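Observations on the model geometry
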Amino acid sequence: MSDLTPKDARLVFALLKMRQAQISAAVKYVQPFTEQEPGDKNAAKLGAARLGKVAMTEPEVKAIVVDREKFAAWVQETAPTEVEHIPTVRAAYEMRLLAEALAAGAPVDANGQEIPGVELGPGASPSQRFYPDEGAERFLDVVEAADLPDIDGIDLAALLGIRRAADSEGGQS
């Protein structure tokens with residue numbers, strides 16, 4: 001592929017993005033049916049063969065500035081060299097204070113002093129992940145359409161590039 005032209009690269013990019021959109025839609029459709037809570041890890045199996053684990057991540061907590069004016073006023077009072085003229089807190093200092101608050105588990109600085117205008121709130125939402133076992137991708141070479149669940153409106157065999165029994169029989173004339 002070293003001599004891939006920009007025109008060919010754009011074509012391949014477009015085709016892959018279209019397939020990605022179809023796969024994303026299929027993943028969004030099936031995700032609610034996995035019945036997992038944050039922290040759950042469950043095996044994904046094809047018959048008796050284990051492909052890996054499907055896990056739901058834990059929600060993250062992160063410190064965020066919710067009242068910029070109160071926060072800036074407090075920094076102006078406690079560390080005036082860290083306040084810019086607009087009054088805007090330098091990004092690096094804000095990040096440091098937010099990291100201190102997160103480490104403390106409360107909106108306080110390293111000295112335990114409350115940081116006005118800061119709260120601990122939800123960060124990234126839990127998301128589902130797949131951790132494949134070693135060699136799991138080889139199953140895509142041997143899985144058959146009959147092994148896949150039937151889902152209305154989603155042709156899993158086509159999305160995964162799996163040949164149907166009729167396709168392989170037709171090619172053996």
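Presented here is an overview of the structure given in this document. Every value quoted in this text rests on a predicted model; they were computed, and no experiment measured them. (Residues numbered from 1 in each chain as written. Predicted model: local features only at pLDDT ≥ 70, side-chain atom pairs only at ≥ 80, totals over all residues. Heavy atoms only, no water.)

Bringing the side chain of T57 into the picture now. Mapping T57 onto the fold places it in the loop between β2 (49–56) and β3 (61–65). Assessed through its relative accessible area of 19%, T57 is described here as buried. (Helix = DSSP H or I, 4+ residues; strand = E, 2+ residues; numbered from the N terminus. Buried < 20%, exposed > 50% of the residue type's maximum accessible area, 1.4 Å probe, protein only.)

On to the environment of V83. With respect to the helices and strands, V83 occurs in strand β4 (residues 83–84). Counting along the chain gives 54 residues from V83 to E137, while the straight-line C-alpha distance between them is 53 Å.

Pairing within the open sheet is antiparallel, and its three strands lie in the order β1-β2-β7. Edge positions in the sheet fall to β1 (41–46) and β7 (128–132), since each of these pairs with one other strand and no more. The average angle at which neighbouring strand axes cross in this sheet is 30°, direction not considered. Inspection of the sheet shows β1 paired to β2 by six bridges, in the antiparallel sense. Counted as the bridge partner of K41 is A55 from β2. (Pairing = 2+ DSSP bridges. Axes fitted to C-alpha atoms, helices over the stretch in contact; angles between N-to-C directions.)

What follows covers the nonpolar core. Membership of the largest hydrophobic core comes to 15 residues, with the highest contact counts inside it found for F71, V75, V89, Y93, L97, I115 and V118. Going through the elements one at a time, β3, α2 (68–78) and α3 (91–104) are the ones with two or more residues in this core. The residues touching I115, leaving out its near neighbours within four places in the chain, are F71, W74, L97, A101, P107, V108 and D109. (Core = buried A, V, L, I, M, F, W, Y, C linked by side-chain atoms within 4.5 Å. Contact = heavy atoms within 4.5 Å.)

Our focus in this paragraph is α2. All buried positions along α2 are accounted for by F71, A72, W74 and V75. Projected down its long axis, α2 shows its buried positions confined to an angular sector of 160°, all on one face. Turned more than 90 degrees away from the buried face of α2, the exposed residues are E69 and E77. Of the surrounding secondary structure, the elements contacted by the buried residues of α2 are β3, β4, β5 (88–89), α3 and β6 (118–122). (Arc of directions from axis to C-beta.)

Right, let's talk about the packing of aromatic side chains for a bit. Counted by the stated rule, this structure contains one aromatic pair. Here the aromatic rings of Y29 and F33 are separated by 5.8 Å at their centres, their planes lie at 40°, and the arrangement is tilted. On the basis of relative accessible area, F33 is assigned to the exposed category, the value being 60%. (Phe/Tyr/Trp six-rings, centres within 6.5 Å; stacked < 30°, edge-to-face > 60°.)

Glancing now at α3. If you check α3, its first and last C-alpha atoms are 20 Å apart, about what 14 residues at 1.5 Å a residue would give, namely 20 Å. For α3, the full list of buried residues reads Y93, E94, L97, L98, E100 and A101. Take α3 and look down its axis: the buried residues cluster within an arc of 155°, on one side only. For α3, the exposed residues lying more than 90 degrees away from the buried face are A91, M95 and A103. Buried residues along α3 sit against β3, α2, β5 and β6. G105 sits one or two positions beyond α3 and adopts a positive phi of about 75°. (Expected span 1.5 Å × (residues − 1).)

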